[in-house]
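Observations on the three-dimensional arrangement
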Amino acid sequence: MAYDKFTILTSSAVPMPIENVDTDQIIPARFLKATERTGFGDNLFRDWRYNTDGTPKQDFVLNNSIYSGKILVAGRNFGSGSSREHAAWAIYDYGFRCVVSSFFADIFKNNSLNIGILPVQVSAEFLDKIFTAIEADPNAQVEINLPSQKITILATGESESFDINTYKKLNMTNGYDDIDYLQAMKGEIETFAAKSMY
Amino acid sequence: MSQMPATLFDKVWDSHVVRKIEDGPDVFFIDRHFIHEVTSPVAFLGLESRKLGVMFPEKTFATADHNTPTINQHLPVKDALSANQLKALETNSAKYGISHWGLGNPKNGIVHVVGPENGITLPGMTIVCGDSHTSTHGAFGAIAFGIGTSEVEMVLSSQCIMQPKPKKMRVQVNGKLGKGVTPKDVTLYVISKLTAAGATGYFVEYAGEVFENMSMEGRMTVCNMSIEMGARGGIIAPDETTFAYIKGREKAPKGEAWDKALAYWKTLKTDAGAKYDMEHVYDAADIEPMITYGTNPGMGMGISQHIPQAKETGGSASSYGKSLDYMGFHEEDAMLGKKVDYVFIGSCTNGRIEDFRAFASIVKGRKKAEHITAWIVPGSHIVEAQIKEEGILDILTEAGFELRQPGCSACLAMNDDKVPAGKYAVSTSNRNFEGRQGPGSRTMLASPLVAAAAAVTGVVTDPRLLMAD
Ligand code: SF4
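Residues numbered from 1 in each chain as written. Chains lettered and ligands numbered in written order. Predicted model: local features only at pLDDT ≥ 70, side-chain atom pairs only at ≥ 80, totals over all residues. Heavy atoms only, no water.

1. Description of the overall build of chain B
Quick reminder of the rule: The secondary structure listing takes helices from DSSP runs of H or I that are at least 4 residues long and strands from runs of E that are at least 2 residues long, numbered from the N terminus. All radius of gyration figures rest on C-alpha atoms, and the globule criterion is 2.2 Å times the number of residues raised to 0.38. Relative accessible area decides the class of each residue, using a 1.4 Å probe on protein chains only: under 20% of the type maximum gives buried, over 50% gives exposed, and in between gives partly exposed. It only takes one pair of heavy atoms within 4.5 Å for two residues to be counted as in contact. Note on areas: these come from Shrake-Rupley sampling with a 1.4 Å probe, and a residue is covered only by the protein chains present in the view. His is not counted, nor are the chain ends, whereas Lys and Arg count as positive and Asp and Glu as negative. By convention, charge coordinates are those of NZ in Lys, CZ in Arg, CG in Asp, or CD in Glu.
For chain B, the helix and strand inventory stands at 17 helices and 18 strands. Expected size for 469 residues packed as a compact globule is a radius of gyration near 23 Å; at 21 Å, chain B falls within 12% of this value. Dimensions of chain B, computed from the C-alpha atoms along their principal axes, are close to 60 × 55 × 45 Å. A buried classification covers 66% of the 469 residues belonging to chain B. A separation of at least 24 residues holds for 75% of the contacts in chain B among residues at least 6 apart in sequence. Carbon and sulfur atoms make up 53% of the accessible area of chain B, which amounts to about 16,000 Å² in all. Measuring between centres, the 47 positive side-chain charges of chain B sit 2 Å from its 53 negative side-chain charges.

2. Quick word on the overall build of chain A
A tally of regular secondary structure across chain A gives 8 helices and 8 strands. On C-alpha atoms alone, chain A measures out to a radius of gyration of 18 Å, which is about the 16 Å that the 2.2 N^0.38 rule sets for 198 residues. For the C-alpha atoms alone, the extent of chain A along its principal axes is close to 60 × 45 × 25 Å. Considering chain A as a whole, with its 198 residues, one finds that 57% of them fall into the buried category. A fraction of 66% describes how many contacts in chain A between residues 6 or more apart in sequence connect residues 24 or more apart. Of the accessible surface of chain A, which amounts to about 8,000 Å², a share of 48% is contributed by carbon and sulfur atoms.

3. Comments concerning the state of the cysteines
Residues and elements named next belong to chain B. Put simply, the test is: In this description, a disulfide is simply a cysteine sulfur pair whose atoms lie within 2.5 Å.
In this structure the tally under the stated criterion is 0 disulfides over all chains. Left without a disulfide partner, Cys-223 is nearest to the cysteine sulfur of Cys-348, which lies 12 Å away. Cys-348 sits in the buried class, given a relative accessible area of 6%.

4. So, the site of the ligand
What counts here: Only heavy atoms are used to decide nearness, and a residue is near a molecule or strand if one of them lies within 4 Å of it. Three classes are used, and their members are as follows: Ala, Val, Leu, Ile, Met, Phe, Trp, Tyr, Cys and Pro are nonpolar, Asp, Glu, Lys and Arg are charged, and the others, Gly among them, are polar.
Close to the ligand lie B:His66, B:Ile110, B:His112, B:Asp131, B:His133, B:Ser347, B:Cys348, B:Cys408, B:Cys411, B:Leu412, B:Asn430 and B:Arg436, which account for all nearby residues. Of the residues in the shell around the ligand, the class split is 5 nonpolar, 5 polar and 2 charged.

5. Overview of the environment of B:Tyr96
Structurally, B:Tyr96 can be placed in helix α3 (residues 80-96). If we ignore the near neighbours within four places in the chain, the residues touching B:Tyr96 are B:Phe44, B:Leu47, B:Glu48, B:Leu52, B:Gly53, B:Val54 and B:Pro57.

6. A short note on the nonpolar core
Our working definition: In this text, buried Ala, Val, Leu, Ile, Met, Phe, Trp, Tyr and Cys residues form a nonpolar core when linked through side-chain atoms within 4.5 Å.
The biggest cluster of nonpolar side chains holds 212 residues, and the ones touching the most others in it are A:Phe45, A:Phe78, A:Val100, A:Ile144 and B:Phe359. At 8 residues, helix α17 (residues 448-457) of chain B tops the list of elements feeding residues into this core. Counting 8 residues, the second largest nonpolar core, distinct from the first, contains B:Tyr342, B:Trp375, B:Val377 and B:Val419.

7. Topic: the interface of chain A and chain B
In plain terms, the rule: The quantity reported as buried area is the accessible area (1.4 Å probe) lost by two parts once they are put together, taken as the sum for both. By salt bridge we mean one thing: a side-chain nitrogen of Lys or Arg within 4 Å of a carboxyl oxygen of Asp or Glu.
Facing 55 residues of chain A, the contacting portion of chain B comprises 73 residues. Of the roughly 5,300 Å² buried between chain A and chain B on both sides combined, carbon and sulfur atoms contribute 59%. Between chain A and chain B we count 5 salt bridges in total. Where the side of chain A that touches chain B is concerned, the elements lending two or more residues are α1 (23-26), α2 (46-49), α3 (86-94), α4 (106-115), α6 (166-174), α7 (178-183) and α8 (186-195) of chain A. Considered class by class, the residues forming the side of chain A that touches chain B number 22 nonpolar, 15 polar and 18 charged.

8. Description of the sheet that holds strand β1 (residues 17-20) of chain B
In sheet architecture, strand pairing relies on hydrogen bonds along the backbone and comes in two forms, parallel and antiparallel. Residue and element names in this part refer to chain B. What counts is decided by this rule: At least two DSSP bridges between two strands are required for those strands to pair. For helices, the axis comes from a line fit to the C-alpha atoms of the stretch in contact; other axes are also lines fit to C-alpha atoms, and the angle between any two N-to-C directions lies between 0 and 180 degrees.
If you trace the 3 strands from one edge of the open sheet to the other, you get β1-β2-β8, paired in antiparallel fashion. Two strands bound the open sheet, and with one partner strand each, they are β1 and β8 (160-163). Each neighbouring strand pair of the sheet contributes to a mean axis angle of 20°, computed without reference to strand direction. Across 4 bridges, strand β2 (residues 26-29) lies against β8 in antiparallel orientation. Paired with Asp-26 across the strands is Gln-163, a residue of β8.

9. What to know about the pairing of strand β3 (residues 32-35) of chain B
Residue and element names in this part refer to chain B. Note the cut-off: Consider the strands pointing away from the viewer: the crossover is right-handed when the path from the first strand over the helix to the second runs clockwise.
Of the two faces of β3, both are covered, the one formed by Arg-32 and Phe-34 as well as the one formed by His-33 and Ile-35. Relative to strand β6 (residues 126-129), β3 runs parallel, the two sharing 3 bridges. Bridged to Phe-34 within β6 is Cys-129. Inspection of the sheet shows β3 paired to strand β4 (residues 60-63) by 3 bridges, in the parallel sense. Bridged to Phe-34 within β4 is Phe-61. Chirality of the crossover, the property in question, places the unit of β3, helix α2 (residues 41-50) and β4 among those that are right-handed.

10. Quick look at the pairing of β6(B)
Residues and elements named next belong to chain B. Of the two faces of β6, both are covered, the one formed by Thr-126 and Val-128 as well as the one formed by Ile-127 and Cys-129. Pairing of β6 with strand β7 (residues 143-146), which is carried by 4 bridges, proceeds in the parallel orientation. When the bridges of β7 are listed, Ile-127 appears paired with Ala-144.

11. Brief notes about the confidence of the model for chain B
Here is the rule we go by: The pLDDT value tells you how sure the predictor is about a given residue, anywhere from 0 up to 100.
The share of residues in chain B with pLDDT of 70 or more is 100%, and the mean pLDDT across the chain is 95. Reported confidence for the predicted complex is 0.90 by ipTM and 0.93 by pTM.

12. Comments concerning the side chain of B:His66
Residue and element names in this part refer to chain B. Definition in use: N or O atoms within 3.5 Å of each other form a polar contact, as long as, within protein, one can give a hydrogen and the other can take it, and as long as residues adjacent in sequence are counted only when both atoms are side-chain atoms.
Take His-66: it is sitting in the loop between β4 and α3. Given a relative accessible area of 6%, His-66 falls into the buried group. Among the polar contacts listed, one links the side chain of His-66 to the side chain of Asp-65, at a separation of 2.6 Å. The contacts of His-66, once residues within four sequence positions are left out, are His-36, Glu-37, Val-38, Asp-131, Cys-408, Leu-412 and Met-414.

13. Thoughts on helix α12 (residues 317-327) of chain B
Residues and elements named next belong to chain B. We apply this condition: Taking the helix axis as origin, the arc is that swept by the directions to the C-beta atoms.
Turning to α12, its buried residues number three or more, namely Ser-319, Tyr-320, Ser-323, Leu-324, Tyr-326 and Met-327. All buried residues of α12 fall inside an arc of 155° around its axis, so they share one side. Of the exposed residues in α12, those oriented more than 90 degrees away from the buried face are Ala-317, Ser-318 and Asp-325. Elements that come into contact with the buried residues of α12 comprise α11 (310-313), β17 (424-427) and β18 (442-445).

As structure tokens, then:
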């Protein structure tokens, strides 16, 4: 599915300083029953966000109106667990375009890049600096510059560079995806398949 | 000229690279693709919106498992959304000519159980599925891992995905396992040492005496759990145990094709002197029956130990505290004697015949503890049939247990098999995340022996005390 191009994103950020946030928390399995890719944002972090009677839990960050923005900042090992792309869809559908953490689970990182969310991995120290900046000012702006691979806390001017491979970067900045790429090399794949023993 | 020594993983990976992209992923060819009802519908929608077909329908296999009820499977599925997903899988498979083992089919079962038992999974293959426990198939010397729905769409439309090659780790466990120590304990032990994120970015090869002596069922349990320490997957070199398991299975090669395949499979070993990016070596004698006490699979310990203090774990104290609060446990608590409400044996981790044999070995001649609700769920119809043939069902019935029908069941609680809020379950599945087995449920992961000991005593119990010498 095509997604919006990603170049420079400047936004306030939502802090979630919890480690090992797994995909069952991001979107619990019972909400995976749809056959379409819409509406998952409503159930993002469902069991942390709502009581069993459906009322919002006041102490959860997404229910705290002082925080908003297109960037989610989370503790280390974000997105561990299941391969459900629904987790990335829910984050995208809710309105986030970027997740910042000091460490990402592999499949989550792949899934995010495939659907147009940029996972930005920073050092543990820089992650703390972002949390501190948001604590001081919930509206603190963070700039994610994909072309120059740099994340900056605008209020303090502190910045750090982040990694992304050239291929994925090109995809994200152009809004292409892997399927476009693979379709363009069908002939080469046919030839390869003809030699395969399975 | 001699070639650079290569690992088993290198050999299989490198032979499947269609194109290398500079500073980008490899275009990676997929030999076998499994799909199920939950992660495939949107991929098929994607094909339709782009007007693409399925390139090699014969390389994809569909089975319904995640959503399916574990009782009365002959009746229409009550939950409308689940029924809708099952229908979508059936319709999409028929439309594109994909073989489909739906509910009621004698070969139906959990995708990672039916692949191997029907000879679809073979050494040297690359195998993917929109399910992270696809790593299970690595037990056969295949490279197998979970993918997202966008990638399911890629495999359907081009039989390839774009993957950066992971780094390589080797985990060796040497020596002999003690009484009551099963493959599940070995993997929970390794994960407790490496943590839930410790192998992220790596593909793990398991080697050493313990894995060499392990059955295929046990190897599948170990490879299955690789993802729980963050690894992309796990792999074990195929050997005589592997070949004997595969021989004669429905889709396994036969006759001349078998001889040819076997000759190739025998080359699938790590060369002497090949390098890994990381190595860990453990001693089997240090492993006892394991149980988890927290909300990620890395939070595991020997069953006779006490829950560690936050400062001993090295992670963030607040996340650790949050996790213990959720479980209703405290630092320094003993796990032995903790009350259990539910017992679940099943899943692609421990839903194979050996697991039920182990469970029955403890249950035999004893009775289910009165307050325990037990879900005993075979991984497939073939396993279910074995349970009946081998007399295990009689042992279970005698002890007051009921056997359910195959499926993922309480492993992810998408169907009705949900553990109620606040209740404790000892489960042989693979994830103890918050709410994994139902909102508010509290999961302790363990082996079938530990699950059986809990089922008959009603509390966390060391299975060794219930085993004959
Ligand atoms: S049993 Fe659990 S882990 Fe295995 S395929 Fe089913 S849901 Fe996934």
